[in-house]
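A look at the structure
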Amino acid sequence: MSSINSNNPYGDSRQHHILSVMVQNRPGVLARVSGLFARRGYNIYSLAVAPSDDPNYSRITIVVDISATPLEQIVKQLFKLIDVVRITELDPRKSVERELMIATVRVDGEHRGQIAELANLFEAKVLAVGADAVTISIDGNPEKIDDFEELLRGYGIVESQRTGRVALPKLEREARKGATKGKAS
Amino acid sequence: MSTKETLTGAEALIRSLELENVEIMFGLPGGCILPAYDPLLKSSIRHVLVRHEQGAGHMAQGYAHVTGRPGVAMVTSGPAATNMVTPLCDAFMDSIPMVCITGQVPTSAIGTDAFQECDTVGITRSVTKHNELVMRAEDIPMAVRQAFYIATTGRPGPVLIDMPKDVLQNTMTWHWPTDEEVVDSLPGYRPNVKGHPKMIKEAAKLILASEKPVLYLGGGVLKARAAEVVKELAELLQIPVVTTLMARGAFPDKHPLCYGMPGMHGTATAITAMQKSDLLIALGSRFDDRVTGKVNSFAQDAKIIHVDIDPAEQGKVRKPDVPIVGDCRQVVEEILKAIKELMAEGISATDITPWRSRVNGWKEQFPLTYDMSGPGDKLKPQFCLEKLRDAAPEGTIVVSGVGQHQMWASLFWEFNEPYTWVNSGGLGTMGFSVPAAIGAKAAKPDRTVWAIDGDGCFQMTAQELVTATTEGIHVKIAIMNNTYLGMVRQWQEMFYGQRYSEVDLAGCPDFVKWAEAMGCVGIRVESVDEIDEAIALANSINDRSVVVEFRVEEFEKVFPMVPAGASNDEVLLHPNQESRREFLK
Ligand SMILES: Cc1ncc(C[n+]2csc(CCOP(=O)(O)OP(=O)(O)O)c2C)c(N)n1
Ligand SMILES: [Mg+2]
């Protein structure tokens, strides 16, 4: 339990931590997890859920904002949920993270080429082209998406949607930080 | 026994409860739970029919408090389930094992806003240790086994099972899951009971080295049935002990090492001993805000050993120097062993006689006190409580409501035996005492059960005395009638310039007539010379419940008091003792 690291590897400027939470795949489990965050006043920055390779379990990837609550307490409270089987804290430096964004950007014919070039640079895909707008999708690590989104903003984003990040430990090195297998009551 | 047996879901439910050794349950039927009430007719389980579902929940709690076994309540869907929310939350806050079964609309109607449908698992999610909506009759035995397993292991708590009507009506092939199957079905639930050996050794060393240790006992000591071994530890090294509101009785009040209750209305000695301590040995206690006062000025010089079965309690409020996750009894046994080993190796315990004499000095200087009433004055509630205490038969169980009377009961009673004090600590639920007393008495019919109640609290759940009468579960209720929501009035007097807003209860009802209408004996006590006789009469009646109304002083205040948010150093003493304040150094 004490191996859960509540120190922020980035210093104060960055207060996000990634928890990969393996849960039993049962009705209401997402409500239990999100309800816990709401009830205890913890902030969720983003959240992604999907079945894992074993159909009995799902994986919830939560990016938590720990500016207000120590991560250790969040992890321990999460562990108290009976359906939570395992919690792994992923150190962003030792994990691969991916996120997807789709965005519709206002752009007239004249500037469309600039957008296409930008998309090309970021390996984004143009999904649809209209008279005065294009829809683009991009995936990659969240910082890259941040940068891309920032650039698009200059043109005017009509609508955009991000998925929230998913993450796994990097393969090469010992990447699991504090994979806690013990269980709370 | 491999012959396949076919049962209805309802039959499977009742059989499962029987196999979990349920002897009594508290409830009230209705539409969706109807199927379960039919096989109950032939069951060995006694069902107590309540007058309000909240009563069923608190009765189950009272039962659990005094037996350590899970209390069981069964009610229907919708309004009955919502009536159960308060007891569930109460049990959750005080870690009381409880299993609650609610009816639900048929599976095909779920989500349609059907008659008496409510999202019971959604509503109760944050007030239960776990809850489950059962969707197939064949899942019932496993759901029941899981519920009892979860409610009673690790940190105990309430578990709710929601049962749609068609699930109760459908048939299933009976199978009673094995222990192994139950454990395997809950891969995310592995409570840790055994403390870490390194931490235990560390704790033993700290205890031997401490000059000013205090054993800070919480309700977990009772849950873990650890009172005996904790006493052994205290006596071995002569360590002063304080017992929180949830731990009263875990260590005998008459023991010379006992300094009573700490906290907002604790004894000056218990509060100050903790403040000045250099080592708090927290056993099954959770550094509740009512105990710590202002957290960052709480026991600033103390190192902390924190033994708790719930890892999330470690460091939640105060970072421990030695965190030990485990069952209190097992861990304290191990700590004792480690201490004895260290002593055998020649490490001796620090002499704590100077500390003890300092603590004893406080105890002498600041005993509990109140002003006696003059001739013709109203009764003093503390005096009535002392009289009740002194006349109470051996082994009496005391159950309390919430308010001033609760604090006086905790302070002025003498608890010398575990499981003789039942109250609502964490949630502070007015209306707890009457039904909880009935549950306690149902569990321990040979004991006298006295509920100490307030006039406000009594009016919240008094109707359960009808249940007591019809079920023949005879309890005794002492109402400390100060004609006020007294605790709130005290705060308005002290912190809102005596501007009394909506706290006056005077004028109605007539408690004696009300008691009689419910089949109880009603007694009113208005003057000092009536007290002894009334209490003797109440104690002598065993074939009916008794309500004794004590007309007590309206403006009496509870002291000592640490105002909300203040430091424990700023404890307000009884006005008679304020002049001696300097002795609290
Ligand atoms: C259900 C509920 N509502 C409100 C409160 C707030 N409250 C705490 S003590 C108290 C007064 C209780 O009055 P009474 O039962 O007469 O006891 P007294 O303090 O006078 O001894 C109130 C209203 C509460 N604890 N529980
Ligand atoms: Mg009152």
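Bear in mind that the values here come from a model prediction, so they are computed numbers and not experimental data. (Residues numbered from 1 in each chain as written. Chains lettered and ligands numbered in written order. Predicted model: local features only at pLDDT ≥ 70, side-chain atom pairs only at ≥ 80, totals over all residues. Heavy atoms only, no water.)

1. Concerning the overall build of chain B
The cut-off we apply is this: A run of DSSP states H or I qualifies as a helix once it reaches four residues; a run of E qualifies as a strand once it reaches two. Both are numbered from the N-terminal end. With C-alpha atoms as the basis for the radius of gyration, the globule rule is written as 2.2 Å multiplied by the number of residues raised to the power 0.38. The classification of residues rests on relative accessible area computed with a 1.4 Å probe and restricted to protein chains. Under 20% of the type maximum is buried, over 50% is exposed, and intermediate values are partly exposed. Surface accessibility follows the Shrake-Rupley procedure with a 1.4 Å probe radius. Residue values consider only the protein chains on display as shielding.
The helix and strand inventory of chain B stands at 24 helices and 19 strands. Relative to the globule expectation of 25 Å for 585 residues, the C-alpha radius of gyration of chain B, 25 Å, shows essentially globular dimensions. In chain B, which comprises 585 residues, the share counted as buried stands at 60%. Here chain B has roughly 22,100 Å² of accessible surface; of this, 50% comes from carbon and sulfur atoms.

2. What to know about the sheet that holds strand β7 (residues 158-164) of chain B
By way of backbone hydrogen bonds, the strands of a sheet pair with one another, either parallel or antiparallel. Residues and elements named next belong to chain B. Quick reminder of the rule: Paired strands are those between which DSSP finds at least two bridges. Axes here refer to lines fitted to C-alpha atoms; in helices the fit is confined to the stretch in contact. Angles between the N-to-C directions go from 0 to 180 degrees. We call two residues in contact whenever any of their non-hydrogen atoms come within 4.5 Å of each other.
A sheet is described by the order of its strands in space; here six strands give the open sequence β3-β2-β4-β5-β7-β6, paired in parallel fashion. At either end of the open sheet lies a strand with only one pairing partner, and these are β3 (46-49) and β6 (130-133). Strand-to-strand twist in this sheet, taken as the mean axis angle between neighbours without regard to direction, amounts to 20 degrees. Pairing of strand β2 (residues 24-28) with strand β4 (residues 71-75), which is carried by three bridges, proceeds in the parallel orientation. Each bridged residue has a counterpart across the sheet, and for phenylalanine 26 the counterpart in β4 is alanine 73. Its contacts with the sheet put helix α7 (residues 140-152) on β4, β5 (98-104), β6 and β7, and the angle it makes with β7 is roughly 165 degrees.

3. Regarding the domain arrangement of chain A
All names here are of chain A. Cut-off, in case you're wondering: Domain delimitation in this document rests on an assignment produced automatically or drawn from a domain database. Using a 1.4 Å probe, buried area is obtained as the accessible area two parts lose upon being combined, added over both of them.
When the domains of chain A are assigned, the result is domain 1 (16-90) and domain 2 (96-167). Here the C-alpha centre of domain 2 lies 29 Å away from the C-alpha centre of domain 1. Between domain 1 and domain 2, the contact holds eight residues from the first and six residues from the second. Of the roughly 540 Å² buried between domain 1 and domain 2, counting both surfaces, carbon and sulfur atoms make up 62%. Contact with domain 2 buries area across many residues of domain 1, yet Ile18, Ala48 and Thr61 alone supply 50% of it, more than any other trio.

4. Some points on the coordination of the magnesium ion (ligand 2)
Residues and elements named next belong to chain B. Stated formally: Coordinating N, O and S atoms are those within 2.8 Å of the metal (3.2 Å for Na, K and Ca), and as water is not part of the atoms, a site may appear to have fewer donors than expected.
Looking at the magnesium ion (ligand 2), the protein donor atoms are Asp455 (OD), Asn482 (OD1) and Tyr484 (O), and they sit 2.0 to 2.1 Å from it. The sequence pattern formed by the donor residues of the magnesium ion (ligand 2) is D-x26-N-x1-Y. With respect to burial, asparagine 482 and tyrosine 484 carry one shared label: buried.

5. Here's the deal with the packing of aromatic side chains
Defined as follows: Here is the rule: rings of Phe, Tyr and Trp (six-membered ring for Trp) pair when centre to centre is within 6.5 Å. Planes less than 30 degrees apart are stacked, more than 60 are edge-to-face, and the remainder are tilted. Put simply, a charge is over a ring when the Lys NZ or the Arg CZ is close to the ring centre, within 6 Å, and near the line of the ring normal, within 35 degrees.
By the definition in use, this model includes 17 aromatic pairs over all chains. Residues phenylalanine 37 of chain A and tyrosine 42 of chain A carry aromatic rings whose centres are separated by 5.8 Å and whose planes lie at 85 degrees to one another, so their mutual orientation is edge-to-face. Tyrosine 42 of chain A carries the same exposure label as phenylalanine 37 of chain A, and that label is buried. Taking the centre distance of 5.6 Å and the plane angle of 75 degrees together, the rings of tyrosine 370 of chain B and phenylalanine 412 of chain B count as edge-to-face. You can see tyrosine 370 of chain B sitting in the loop between α16 (353-365) and α17 (381-391) and its partner phenylalanine 412 of chain B sitting in helix α18 (residues 404-412), a full 42 residues away along the chain. We classify phenylalanine 412 of chain B as buried; its relative accessible area is 4%. A connected cluster of aromatic rings, assembled from ring pairs, spans Tyr216, Phe287 and Phe298 of chain B. Taking the ring centre of tryptophan 174 of chain B as reference, the NZ or CZ of arginine 15 of chain B above it sits at 5.0 Å. A cation over an aromatic ring shows up here: arginine 225 of chain B above the ring of tyrosine 419 of chain B, its NZ or CZ 4.1 Å from the ring centre.

6. Focus on the interface of chain A and chain B
Note the threshold: The term salt bridge refers to a side-chain nitrogen of Lys or Arg lying within 4 Å of a carboxyl oxygen of Asp or Glu.
Every contact between the two is made by 19 residues of chain A and, on the other side, 24 residues of chain B. The contact between chain A and chain B buries some 1,800 Å² in all, and 54% of this surface belongs to carbon and sulfur atoms. Between the two partners, chain A and chain B, sit two salt bridges. Between glutamate 132 of chain B and arginine 26 of chain A there is a salt bridge, and its shortest N-O distance comes to 3.0 Å. At the level of secondary structure, the elements contributing two or more residues to the side of chain A that touches chain B comprise α1 (29-40), α2 (71-79) and β4 (84-90) of chain A.

7. Some details on α1 of chain A
All names here are of chain A. The condition is simple: Take the number of residues in a helix, subtract one, and multiply by 1.5 Å to get its expected span. The directions from the helix axis to the C-beta atoms are what the arc is built from.
Taking 1.5 Å of rise per residue, twelve residues should cover 16 Å, and α1 covers 17 Å from first to last C-alpha, within 8% of that figure. Here α1 has its buried residues at Val29, Arg32, Val33, Leu36 and Phe37. For α1, the arc enclosing every buried residue in end-on projection is 130 degrees, short of the 170-degree limit, so these residues lie on one face. Where α1 terminates, the next one or two residues include glycine 41, which has phi positive at roughly 75 degrees.

8. Overview of the environment of aspartate 301 of chain B
Residue and element names in this part refer to chain B. Along the chain, aspartate 301 falls in the loop between α14 (289-292) and β12 (303-308). Residue aspartate 301 is classed as exposed on the basis of its relative accessible area, which comes to 63%. Leave out the neighbours within four places in its chain, and aspartate 301 touches Ser277 and Asp278.

9. What to know about the nonpolar core
All names here are of chain B. Note the following rule: Buried Ala, Val, Leu, Ile, Met, Phe, Trp, Tyr and Cys residues form a nonpolar core when they are joined through side-chain atoms within 4.5 Å.
Of all hydrophobic cores here, the largest spans 67 residues; its most connected members are Ile207, Leu215, Leu217, Leu283, Ile305, Ile324 and Ile335. Per element, the largest residue contribution to this core is eight residues, and it comes from helix α15 (residues 328-344). Dropping the residues within four chain positions of it, isoleucine 207 is found in contact with Leu237, Ile239, Leu279, Ile281, Ile305, Ile335 and Ile339.

10. Observations concerning the site of ligand 1
Residues and elements named next belong to chain B. Test applied: Here a residue counts as near a molecule or strand whenever at least one of its heavy atoms sits within 4 Å of it. As used in this structure description, the phrase polar contact means that two N or O atoms lie within 3.5 Å; if the pair is within protein, one of them must be able to donate a hydrogen and the other to accept it, and residues adjacent in sequence are counted only when both atoms belong to side chains. Charged means Asp, Glu, Lys or Arg here, nonpolar means Ala, Val, Leu, Ile, Met, Phe, Trp, Tyr, Cys or Pro, and polar covers whatever is left, Gly included.
Lining the immediate environment of ligand 1, one finds 17 residues, of which His405, Gly428, Asp455, Cys457 and Gly486 sit closest. Taking glycine 428, its main chain carries an N or O atom lying 2.8 Å from a nitrogen atom of ligand 1. Interatomic distance of 2.9 Å between a backbone N/O atom of tyrosine 484 and an oxygen atom of ligand 1. Relative to its unbound accessible area of 590 Å², ligand 1 is 76% covered by the protein chains. In terms of residues, the shell around ligand 1 owes the most to one element, helix α20 (residues 455-461), which gives four residues. Here the shell around ligand 1 is composed, by residue class, of eight nonpolar, eight polar and one charged.

11. Thoughts on the pattern of salt bridges
For the structure on display, the rule yields 38 salt bridges over all chains. Note that arginine 155 of chain B and glutamate 313 of chain B form a salt bridge whose closest N and O atoms lie 2.8 Å from each other. Note that arginine 155 of chain B is positioned in the loop between α7 and β7 and glutamate 313 of chain B in the loop between β12 and β13 (322-325), a separation of 158 residues in sequence. No difference in accessibility class separates arginine 155 of chain B from glutamate 313 of chain B, as the two residues are buried. Shared partners join several salt bridges into a network, and the residues in it are Glu99, Asp146, Glu149, Glu150, Arg153 and Arg162 of chain A.

12. Structural notes on the packing of helix α10 (residues 197-209) of chain B against α15 of chain B
Residues and elements named next belong to chain B. As a reminder of what qualifies: Here the word oblique covers every angle except those under 35 degrees (roughly parallel), over 145 (roughly antiparallel) and from 65 to 115 (roughly perpendicular). Crossing handedness follows the turn of the near helix against the far one: under a right angle anticlockwise gives a left-handed crossing, and clockwise gives a right-handed one.
Close contact between α10 and α15 brings their axes to 8 Å; oriented N to C, the two are set at 60 degrees. Relative to α15, α10 is oriented oblique. Where α10 crosses over α15, the handedness of that crossing is right-handed. Contacts between α10 and α15 involve Ile200, Lys201, Ala203, Ala204, Lys205, Ile207 and Leu208 on the former and, on the latter, Val331, Glu334, Ile335, Ala338, Ile339, Leu342 and Met343.

13. Focus: the domain arrangement of chain B
Residue and element names in this part refer to chain B. Parsing chain B into structural domains produces domain 1 (6-184), domain 2 (197-365) and domain 3 (381-551). Computed from C-alpha atoms alone, the centre-to-centre distance between domain 2 and domain 3 is 31 Å. On the side of domain 3, 18 residues touch domain 2, which itself brings 18 residues to the contact. Roughly 1,500 Å² is buried in total at the junction of domain 2 and domain 3, and carbon and sulfur atoms are behind 61% of that figure. Per-residue buried area on domain 2 facing domain 3 is highest for Leu245, Arg248 and His265; these three make up 39% of the total on that side. Joining domain 2 to domain 3, the criterion identifies zero salt bridges. Tallied by class, residues from the side of domain 2 that touches domain 3 come to eight nonpolar, four polar and six charged.

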